[in-house]
Amino acid sequence: EAGVTQFPSHSVIEKGQTVTLRCDPISGHDNLYWYRRVMGKEIKFLLHFVKESKQDESGMPNNRFLAERTGGTYSTLKVQPAELEDSGVYFCASRAGPSTDTQYFGPGTRLTVL
Amino acid sequence: AQKITQTQPGMFVQEKEAVTLDCTYDTSDPSYGLFWYKQPSSGEMIFLIYQGSYDQQNATEGRYSLNFQKARKSANLVISASQLGDSAMYFCAMGNLQGGSEKLVFGKGMKLTVNP
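Remember, it's a predicted structure, so these values are computed and weren't measured experimentally. (Residues numbered from 1 in each chain as written. Chains lettered and ligands numbered in written order. Predicted model: local features only at pLDDT ≥ 70, side-chain atom pairs only at ≥ 80, totals over all residues. Heavy atoms only, no water.)

Trainee: Got a minute to help me understand the packing of aromatic side chains in this structure?
Mentor: Working definition: an aromatic ring pair is given by the centre-to-centre distance plus the angle between the planes. Tallying each qualifying case throughout the model produces 16 aromatic pairs over all chains. For the ring pair A:Y104 and B:F47, a centre distance of 5.8 Å and an interplane angle of 75 degrees mean the geometry is edge-to-face. In this pair, A:Y104 sits in strand 10 (residues 104-105) while B:F47 sits in strand 6 (residues 46-52), so the two residues belong to two different chains. Taking relative accessible area as the criterion, A:Y104 reaches 35% and is therefore assigned partly exposed. Residue classification places B:F47 among the partly exposed residues on the basis of a relative accessible area of 22%. Centroid distance B:Y25 to B:F68: 6.4 Å. Interplanar angle 20 degrees. Geometry classified as stacked. Of this pair, B:Y25 sits in strand 4 (residues 24-26) while B:F68 is found in strand 8 (residues 64-69), placing the two residues 43 residues apart along the sequence. B:F68 matches B:Y25 in its accessibility class, with the two residues each being buried. Three or more aromatic residues joined by ring pairs form one cluster here, namely A:Y33, A:Y35, A:F45, A:F91, A:Y104, A:F105, B:F35, B:Y37, B:F47, B:Y50, B:F91 and B:F106. When the ring centre of A:Y74 is taken as origin, the NZ or CZ atom of A:R22, which lies over that ring, is 3.7 Å away. Over the aromatic face of B:Y64 sits the side chain of B:R63, whose NZ or CZ is 5.6 Å from the ring centroid. (Phe/Tyr/Trp six-rings, centres within 6.5 Å; stacked < 30°, edge-to-face > 60°. Helix = DSSP H or I, 4+ residues; strand = E, 2+ residues; numbered from the N terminus. Buried < 20%, exposed > 50% of the residue type's maximum accessible area, 1.4 Å probe, protein only. Lys NZ or Arg CZ within 6 Å of the ring centre and 35° of its normal.)

This is the structure we're talking about:
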């Protein structure tokens, strides 16, 4: 069974540009989460999808961040326009459903905003 | 609000020895889960072990065990017979299991180095 995959693995952009990160969860997992780790700080929750619906987006830092999960499969996280403080590692995780608690993480996307 | 505290920034252990990684937590939720993840230098987050707050026994997964002391709000990870491949960052996390988003709250992590 394939794990959670994320693309790209690295992205270097200039301030003001747009970047779109993609996450493919484990097949059949209804729950999809985005997290972010800014250098030297804790991994922080961004938002949670159940299928295509946003269950909790309380961690989204501001309206420059837009997450979508059309069709309830893969998800994208767009940052527009990117700022220096957006640099960090963006992790995606998926979880099967209410009977299981474990979230399985992808390898992350390292975003550098110059 | 939930909080995870990992006070050890780094630890060194000799290969084949056991090591305990500390984690304390704070929450007012009666139902929660505790998780440990490993992050090697390659960057991926690898799930290691899970403990539910109502589980009567401590969780074990191979060389990993979780020393869960509910009254003290601690969930220490014990790695037996350390291997060189255990060198990595280790993160303790918790989630509310009562519904909602079940988002995870993470500690700052700690770096384990296994010496030959």
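The structure having been displayed, the exposition proceeds.
Trainee: Is there a simple way to think about the state of the cysteines in this case?
Mentor: Disulfides are covalent bonds that connect the sulfur atoms of two cysteines. Here the structure, examined in full by the defined rule, presents two disulfides over all chains. Sulfur-sulfur distance for the disulfide between A:C23 and A:C92 comes to 1.8 Å. Handedness of the A:C23-A:C92 disulfide follows from its S-S torsion of about -60 degrees: it is left-handed. With A:C23 in strand 3 (residues 19-24) and A:C92 in strand 9 (residues 88-95), this residue pair connects regions lying 69 residues apart in the sequence. Taken as a pair, A:C23 and A:C92 share a single burial class, namely buried. Across a sulfur-sulfur distance of 2.0 Å, B:C23 and B:C92 are joined as a disulfide pair. Its S-S torsion of about -65 degrees marks the bond between B:C23 and B:C92 as left-handed, since a negative value means left-handed. Here the residue B:C23 occupies a position in the loop between strand 3 (19-21) and strand 4, and B:C92 occupies one in strand 10 (residues 88-96), the gap between them amounting to 69 residues. When its relative accessible area of 0% is taken as the criterion, B:C23 is described as buried. (Disulfide = S-S within 2.5 Å.)

Trainee: Just checking my understanding: could you explain the pattern of salt bridges for this structure?
Mentor: Opposite charge on two side chains permits them to pair, given that their charged atoms come into close proximity. Residue and element names in this part refer to chain A. For the structure on display, the rule yields 10 salt bridges over all chains. The shortest N-O distance in the salt bridge between D24 and R22 comes to 2.7 Å. When its relative accessible area of 32% is taken as the criterion, R22 is described as partly exposed. Here E57 and K54 are joined by a salt bridge, their closest N and O atoms 4.0 Å apart. Overall, E57 belongs to the partly exposed group, its relative accessible area being 44%. For K54, a relative accessible area of 37% gives the class partly exposed. Residues joined in a network through salt bridges with shared partners are R36, R64, E85 and D86. (Salt bridge = Lys/Arg side-chain N within 4 Å of Asp/Glu carboxyl O.)

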